[in-house]
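# Per-entry structural report
Listed below, chain by chain, are the residues.
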Amino acid sequence: SQANFEEDSQKQPAVGHWKTLMPSKGSKEEPETGCQDAGGGDETQSTEQLNVSRLRSSSVEIREKGSEFLKEELHKAQKELKLKDKECERLSKVREQLEQELEELTASLFEEAHKMVREANTKQAASEKQLREARGKIDMLQAEVTALKTLVITSTPSSPNRELHPQLQSPSKAVFRKGHGRNKSTSSAMVSAASQNVTPEPVSHECKEVDSILFAEFQAWKESPSLDKSCSFLDRIYREDVGPCLDFTKQELSELVRVAVEQNTLTIEPVASQTLPVVKVSAEECGGPKKCALSGLPRTCKHRIMLGDSGNYYYISPSCRARITAVCNFFTYIRYIQQGLVRQDVELMYWEVMRLRREMSLAKLGFYPSEM
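These remarks concern the structure in this document. Not measured: the values here are computed from a predicted model.

For the rest of this paragraph, the subject is the state of the cysteines. Counted according to the given criterion, the structure contains 0 disulfides. With no disulfide of its own, Cys 301 lies 5.2 Å from the sulfur of Cys 292, the closest cysteine sulfur. On the basis of relative accessible area, Cys 301 is assigned to the buried category, the value being 5%. Looking at Cys 328, it has no disulfide partner, and the nearest cysteine sulfur is the one in Cys 245, 9.7 Å off. Residue Cys 328 is classed as partly exposed on the basis of its relative accessible area, which comes to 22%.

If you want it as structure tokens, here you go:
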């Protein structure tokens, strides 16, 4: 339209652009000047309108082209954003899948590791139990062999041992022994007692009667034997026998001795003639060959004790040794019952426990064998 407008403007003659060849005399030049001014003003006005129209058309074109360019760029950006969103979704799915697989793998590894640890602990516990049982059986068999050797040695043709020849006993005695005989594999305490009694003692005819309360407590403990002091069976024995038997004048040392006996870490050995190792405690605390460390009384001490691996020795009198030994024998027997090494009738085990309780009662009252 602008081009047509320019062509039309070029073809049409400009109005008011003429010249007079010969101006007449006396004519005024003002009308001519006015015409020329009018023609020049129209031309300027049309030029300005042309310029304005050109500017408007160019600005409209620029605006349209700019909007189209921006629309194209916006469309491209939207496409890129959609592609990036899809890529992000894909990567997030991959990450979630990897995290899930990693969690499952970690859980399976931990479960397998715990399973292996549990199996190893179970096998170790079973092996340790079998080892303890084997050692206990070996010790009992050795003690039985020693006792049998002693009995065989003491039996001669001139004075046969009636323990090895039951046919030499009277029928009444034989019947009594058949009903109350003990199995030699019950405990080391019984084997040691048999080995000490070289000369067979006459069969005792003392009367026995089972206490229903004590027997019920022992039966309940026998169903699930343990060394827990909370059960009624061991609680009674602690109150009536173990506690009083290990209650010495030196309270602090008495408590240490009780703990060592319960944990089976107490050692009793005879006093050697050689020089004893130097201990960290004072002589008053550990006593001496002429003073008991537990009672504090001047006594001839033939034995000494060591608590665990401390390396400290304490001299004890024969009476204190008898009390500690009685408690140790009781704990040894109930440990054998707990480990399943005593295979005997419940009533016979009950009477053995009562015999060990009687030894503790006699020891706490001051009765002990002369050889101690």
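Another aspect to go through is the packing of helix H6 (residues 232–245) against helix H10 (residues 346–364). Interhelical geometry of H6 versus H10 gives an angle of 30 degrees and a closest axis separation of 8 Å. The pairing of H6 with H10 is recorded here as roughly parallel in orientation. In this structure, H6 uses Phe 233, Arg 236, Ile 237, Glu 240, Asp 241, Val 242, Pro 244 and Cys 245 to contact H10, whose residues at the interface are Val 353, Arg 357, Met 360, Ser 361, Ala 363 and Lys 364. When grouped by side-chain class, the residues that make up the contact of H6 with H10 number 8 nonpolar, 1 polar and 5 charged.

Take the pattern of salt bridges next. Counted by the stated rule, this structure contains 12 salt bridges. With a closest N to O distance of 3.1 Å, Asp 235 and Arg 239 form a salt bridge. With Asp 235 and Arg 239 both in helix H6, this residue pair falls 4 residues apart, about one helical turn. Here Arg 357 ties to Glu 240 by a salt bridge, and the two come within 2.6 Å at their closest N and O atoms.

The strands that make up a sheet pair up through hydrogen bonds in the backbone, lying either parallel or antiparallel. With antiparallel pairing, the 3 strands of this open sheet are ordered in space as S1-S2-S3. Only two strands of the sheet have a single partner each, and these edge strands are strand S1 (266–270) and strand S3 (313–316). In this sheet, adjacent strand axes meet at a mean angle of 30 degrees when their direction is disregarded. In this sheet, S3 lies alongside strand S2 (residues 303–307) in antiparallel orientation, the contact comprising 4 bridges. Bridging from a neighbouring strand, Met 306 pairs with Tyr 313 of S3. Taken strand by strand, helix H7 (residues 251–262) contacts S1, S2 and S3, and its axis lies near 75 degrees from that of S2.

The next point concerns the pairing of S2. Burial analysis of S2 places 5 of its 5 residues in the buried class, the great majority of the element. Because side chains alternate across S2, one face comprises the buried residues His 303, Ile 305 and Leu 307, and the other comprises Arg 304 and Met 306, equally buried. Where S1 lies against S2, 5 bridges are found, and the strand directions are antiparallel. Along S2, the bridge assignment pairs Pro 270 with His 303. Here S2 folds back onto S3, and the loop between the two strands holds 5 residues, one of which, Gly 308, carries a positive phi near 65 degrees.

Evaluation of the coordinates by the stated rule reveals 8 aromatic pairs. Judged by centre distance (6.1 Å) and plane angle (55 degrees), the ring pair of Phe 218 and Tyr 350 falls under tilted. Taken together, the residues span a long stretch of sequence, with Phe 218 in helix H5 (residues 212–223) and Tyr 350 in helix H10 at a distance of 132 residues. Each member of the pair Phe 218 and Tyr 350 is classed as buried. Between Trp 221 and Phe 233, the ring centres sit 5.1 Å apart and the planes meet at 35 degrees, which makes this aromatic pair tilted.

This part takes up the nonpolar core. Proteins that are soluble and globular tend to have nonpolar side chains buried together. Counting residues in hydrophobic clusters, the biggest one holds 47 residues, and the most contacted among them are Val 242, Val 257, Leu 294, Ile 324 and Phe 330. At the level of elements, H5, H6, H7, S2, S3, helix H9 (318–338) and H10 are the ones that each hand at least two residues to this core. Considering every element that reaches this core, the biggest residue donor is H9, with 10 residues. In this structure, Val 257 is in contact with Leu 266, Leu 294, Ile 305, Leu 307 and Ile 324, ignoring residues within four places of it in sequence.

Moving on to the packing of H5 against H10. Helix-helix packing is described using two parameters, namely the angle between the two axes and the distance between the axes. As a packed pair, H5 and H10 sit with axes 11 Å apart at the nearest point and diverge in direction by 110 degrees. Overall, the two elements H5 and H10 adopt an arrangement that is roughly perpendicular. Crossing hand, H5 versus H10: right-handed. Taken together, the residues of H10 that come into contact with H5 (itself represented by Leu 214, Phe 215, Phe 218, Gln 219 and Lys 222) are Val 346, Glu 347, Met 349, Tyr 350, Val 353, Met 354 and Arg 357. For the contact of H5 with H10, the class distribution of residues is 8 nonpolar, 1 polar and 3 charged.

Taken together, Glu 61, Glu 64, Glu 68, Glu 72, Glu 73 and Glu 80 make up a surface patch of like negative charges. Assignment of secondary structure puts Glu 72 in helix H2 (residues 30–154). A residue is classified by how much of its surface remains accessible, and Glu 72, at 48% relative accessible area, is partly exposed.

The end-to-end C-alpha separation of H7 is 17 Å, in line with the 16 Å expected for 12 residues at 1.5 Å each. Turning to H7, its buried residues are Leu 253, Ser 254, Val 257, Arg 258, Ala 260 and Val 261. Looking straight down H7, one finds that the buried residues subtend no more than 165 degrees of arc, so they occupy a single side. Just past H7, the residue Asn 264 takes up positive phi, approximately 60 degrees.

How each quantity is defined
Residues numbered from 1 in each chain as written. Predicted model: local features only at pLDDT ≥ 70, side-chain atom pairs only at ≥ 80, totals over all residues. Heavy atoms only, no water. Disulfide = S-S within 2.5 Å. Buried < 20%, exposed > 50% of the residue type's maximum accessible area, 1.4 Å probe, protein only. Axes fitted to C-alpha atoms, helices over the stretch in contact; angles between N-to-C directions. Helix = DSSP H or I, 4+ residues; strand = E, 2+ residues; numbered from the N terminus. Parallel < 35°, antiparallel > 145°, perpendicular 65-115°, else oblique. Contact = heavy atoms within 4.5 Å. Nonpolar A, V, L, I, M, F, W, Y, C, P; charged D, E, K, R; others polar. Salt bridge = Lys/Arg side-chain N within 4 Å of Asp/Glu carboxyl O. Pairing = 2+ DSSP bridges. Phe/Tyr/Trp six-rings, centres within 6.5 Å; stacked < 30°, edge-to-face > 60°. Core = buried A, V, L, I, M, F, W, Y, C linked by side-chain atoms within 4.5 Å. Left-handed = near helix turned anticlockwise from the far one by under 90°. Patch = residues over 30% accessible without salt bridge, like charges linked within 9 Å, V, L, I, M, F, W, Y side chains within 5 Å. Areas by Shrake-Rupley, 256 points an atom, 1.4 Å probe, with all protein chains shown as cover. Lys, Arg positive; Asp, Glu negative; His and termini not counted. Charge placed at Lys NZ, Arg CZ, Asp CG, Glu CD. Expected span 1.5 Å × (residues − 1). Arc of directions from axis to C-beta.

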